[in-house]
Amino acid sequence: IYKQMNQKKLIIFMPSIEGGGVEKNLMIIANYLATRVKNVAIISLSKKFKPKFNKKISFITTKINFDYLNRKTKYLISLFLLFKELLGSKDKVVFSFQANIYCILLCKILNVKVIVRSNSSPSGWSKNFIKKFVFRFVLKLADKIVVNSFDFKKEMKKNFNVKSICIYNPLDVNKIKKLSKKKVEISNKKYLKIINIGRFTDQKDHITLLKAALLLKDKLKFKILILGKGVNKDKIKNFIKSNKLEKIIFVKKFTSNPYPYLKSSDLMVLTSIYEGLPNVILEAITLNKFVISSDCPTGPAEILDKGKGGLLFKPKDYKDLARKIIFYTKNKKTCKQMLKYSKSRLIRFDQNINLKKYYD
């Protein structure tokens with residue numbers, strides 16, 4: 001395999017890099033592969049992230065800055081760049097992280113091998129019957145499909161009758177601990193510090209956390225910090241303002257290093273409607289933070305061993321979330337044992353184990 005891969009150029013396809021969990025995985029995986037594969041390139045319109053990648057990786061992009069464009073437009077421009085790169089040469093392998101359906105079709109037309117990494121559960125993108133039909137046909141054309149949880153793998157089989165390989169997100173424990181040491185301004189007052197980290201989108205469902213806060217505001221002393229960016233920013237802020245939660249809930253712009261804030265919190269809450277394998281849960285456990293998460297497809301229940309390593313609630317059920325937060329405050333000893341268990345299970349996500357699987 002090593003000899004064969006060095007004979008071919010590896011092209012990683014990621015039109016829009018936006019700084020979230022998928023992007024973290026992209027950088028870790030790409031930088032590792034660059035140490036094992038002789039010729040690696042990335043096709044992307046997000047020029048500002050170029051310094052994050054190994055210098056051995058060539059960055060294929062446009063001269064004009066198109067980073068301000070919406071995702072679909074970036075996809076089309078990036079596909080054109082990929083087309084130009086693949087034209088006239090079959091000694092290349094494409095590894096797609098984004099716009100997988102378009103990428104598969106282009107590669108198959110040009111008779112080039114393509115591996116795709118699917119990042120989030122089909123529950124979030126297979127509702128439309130026509131889309132589901134198209135995906136069912138096109139996904140089977142890929143040479144390999146990689147997913148990041150075993151529940152995800154089952155969903156791919158159930159929804160699309162597609163075989164996939166599960167490789168967990170590579171977790172860099174040492175880097176997370178090192179970055180978490182940076183000092184940030186956090187109040188030392190005695191109240192429960194809750195944190196939520198995620199893009200401001202419908203998928204992340206911040207409103208469920210805000211509704212739970214409404215139920216709890218007269219029962220507990222707590223503060224909530226929400227880190228993120230996205231289209232639902234105004235929606236979140238308007239909810240906080242209209243329900244007079246400004247002294248309890250604080251919204252802060254997403255930072256490339258959220259770990260000091262995570263380290264300074266007591267409790268990490270994830271409210272997503274669907275996921276793939278949420279990095280933020282792994283990062284919270286790494287920093288000894290207890291996790292309460294929605295039992296959404298896919299990832300949280302797998303990481304937390306169906307509730308052995310943290311508390312799970314039904315997606316969108318803000319009343320159950322509120323009950324789980326109260327349970328945490330009244331059962332610290334039990335929760336400490338659960339956290340200890342989940343930390344002992346982090347070895348599954350070790351980056352050395354999982355990066356080798358990507359290379360293989």
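Computed from a predicted structure; not experimentally measured.

Further remarks concern the overall build of the chain. Within the chain, the secondary structure is distributed over 15 helices and 13 strands. Computed over the C-alpha atoms, the radius of gyration of the chain is 21 Å, within 12% of the 21 Å expected from 2.2 N^0.38 for a compact globule of 360 residues. Each of the three principal axes of the chain carries a C-alpha extent, and together these read 65 × 40 × 40 Å. With 360 residues in all, the chain has 53% of them scored as buried. At a minimum sequence separation of 6, the contacts of the chain that also span at least 24 residues come to 65%. Total accessible area on the chain stands at roughly 18400 Å², and carbon and sulfur atoms take up 54% of it. Between the averaged position of the 77 positive side-chain charges in the chain and that of its 25 negative side-chain charges there is a distance of 3 Å.

Moving on, we come to the packing of helix H2 (residues 21–36) against helix H15 (residues 351–359). Viewed as axis vectors pointing N to C, H2 and H15 meet at an angle of 65°, and their least axial separation amounts to 10 Å. The interaxial crossing formed by H2 with H15 has right-handed handedness. Contacts between H2 and H15 involve Ile-28, Ile-29, Tyr-32, Leu-33 and Arg-36 from the first element and Gln-351, Leu-355, Lys-356, Tyr-358 and Tyr-359 from the second. Here the residues of the contact of H2 with H15 are counted per class, giving 7 nonpolar, 1 polar and 2 charged.

Rules and cut-offs
- Residues numbered from 1 in each chain as written.
- Predicted model: local features only at pLDDT ≥ 70, side-chain atom pairs only at ≥ 80, totals over all residues.
- Heavy atoms only, no water.
- Helix = DSSP H or I, 4+ residues; strand = E, 2+ residues; numbered from the N terminus.
- Rg over C-alpha atoms; globule rule 2.2 N^0.38 Å.
- Buried < 20%, exposed > 50% of the residue type's maximum accessible area, 1.4 Å probe, protein only.
- Contact = heavy atoms within 4.5 Å.
- Areas by Shrake-Rupley, 256 points an atom, 1.4 Å probe, with all protein chains shown as cover.
- Lys, Arg positive; Asp, Glu negative; His and termini not counted.
- Charge placed at Lys NZ, Arg CZ, Asp CG, Glu CD.
- Axes fitted to C-alpha atoms, helices over the stretch in contact; angles between N-to-C directions.
- Left-handed = near helix turned anticlockwise from the far one by under 90°.
- Nonpolar A, V, L, I, M, F, W, Y, C, P; charged D, E, K, R; others polar.

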